[in-house]
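Observations on the model geometry
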Amino acid sequence: QVQLQESGGGLVQAGGSLRLSCAASGRTFSSYAMGWFRQAPGKEREFVAGISGSGEYTDYEDSVKGRFTICRNNAKNTVSLQMNSLKPEDTAVYYCAARFPGTVVTRADRAYDFWGQGTQVTVSS
């Protein structure tokens, strides 16, 4: 069982930056691939970024490439999402998720086993 807790959301102007963090419980954090997803009002949840258990492999949704960076600290059981050059269309509830095994980074939300409760990100124009 893995418990996830996101933090770092908030209100920011377009062009600004935010850093989301996700703290995980458990002793085998490095065994899990981690993903960030988001869901805007009236829209389906979508993949944003993912990282393998070792941190060697990452994947990004096209609209965030070059603006967002995912990283993890296995010693501290945390995964972060640095978001730069934010746009109003980035407004959503952001969720972190964990899947086993950690060797596979996937964009399919149904493949993830554990989810956090989400943190709101609002980008004003």
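Residues numbered from 1 in each chain as written. Predicted model: local features only at pLDDT ≥ 70, side-chain atom pairs only at ≥ 80, totals over all residues. Heavy atoms only, no water.

1. Focus: the sheet that holds strand S1 (residues 4–7)
An order of S1-S3-S8-S7 is seen for the four strands of this open sheet, with the pairing classed as antiparallel. Because the sheet does not close on itself, it has two edges, and the strands there are S1 and strand S7 (68–73). Along the sheet, successive strands turn relative to each other by an average axial angle of 15 degrees, direction set aside. The pairing of S7 with strand S8 (residues 78–83) spans six bridges and is classified as antiparallel. Residue pairing across strands places Arg72 opposite Val79, the latter belonging to S8. (Pairing = 2+ DSSP bridges. Helix = DSSP H or I, 4+ residues; strand = E, 2+ residues; numbered from the N terminus. Axes fitted to C-alpha atoms, helices over the stretch in contact; angles between N-to-C directions.)

2. Quick notes on the state of the cysteines
The full count for this structure, using the stated rule, is one disulfide. The disulfide bridge from Cys22 ends at Cys96, spanning 2.0 Å between sulfur atoms. Its S-S torsion of about 45 degrees marks the bond between Cys22 and Cys96 as right-handed, since a negative value means left-handed. Here Cys96 lies in strand S9 (residues 92–99) and Cys22 lies in strand S3 (residues 18–24), a separation of 74 residues in the sequence. The same class applies to Cys22 as to Cys96, namely buried. (Disulfide = S-S within 2.5 Å. Buried < 20%, exposed > 50% of the residue type's maximum accessible area, 1.4 Å probe, protein only.)

3. So, the pattern of salt bridges
Scanning the entire structure with this criterion turns up six salt bridges. As a salt-bridge pair, Arg38 and Asp90 come within 2.9 Å of each other at their nearest N and O atoms. Of this pair, Arg38 sits in strand S4 (residues 33–39) while Asp90 sits in the loop between S8 and S9; the two residues are 52 residues apart in sequence, bridging distant segments of the chain. Look at Asp90 and you get buried, because its relative accessible area is 1%. Among the salt bridges present, the one from Asp109 reaches Arg45, with a minimum N-O distance of 3.4 Å. Note that Asp109 is positioned in the loop between S9 and strand S10 (114–115) and Arg45 in the loop between S4 and strand S5 (46–51), a separation of 64 residues in sequence. One network of salt bridges, with partners in common, ties together Arg38, Glu46, Arg67 and Asp90. (Salt bridge = Lys/Arg side-chain N within 4 Å of Asp/Glu carboxyl O.)

4. Comments concerning the nonpolar core
Residues Leu4, Met34, Trp36, Leu81, Met83 and Tyr94 are the most contacted members of the largest nonpolar core, which totals 30 residues. Looking at this core, the elements with two or more residues in it are S3, S4, S5, S7, S8, S9 and strand S11 (119–124). The residues touching Leu81, leaving out its near neighbours within four places in the chain, are Leu18, Arg19, Leu20, Trp36, Val48, Ala49, Phe68, Thr69, Ile70 and Tyr94. (Core = buried A, V, L, I, M, F, W, Y, C linked by side-chain atoms within 4.5 Å. Contact = heavy atoms within 4.5 Å.)

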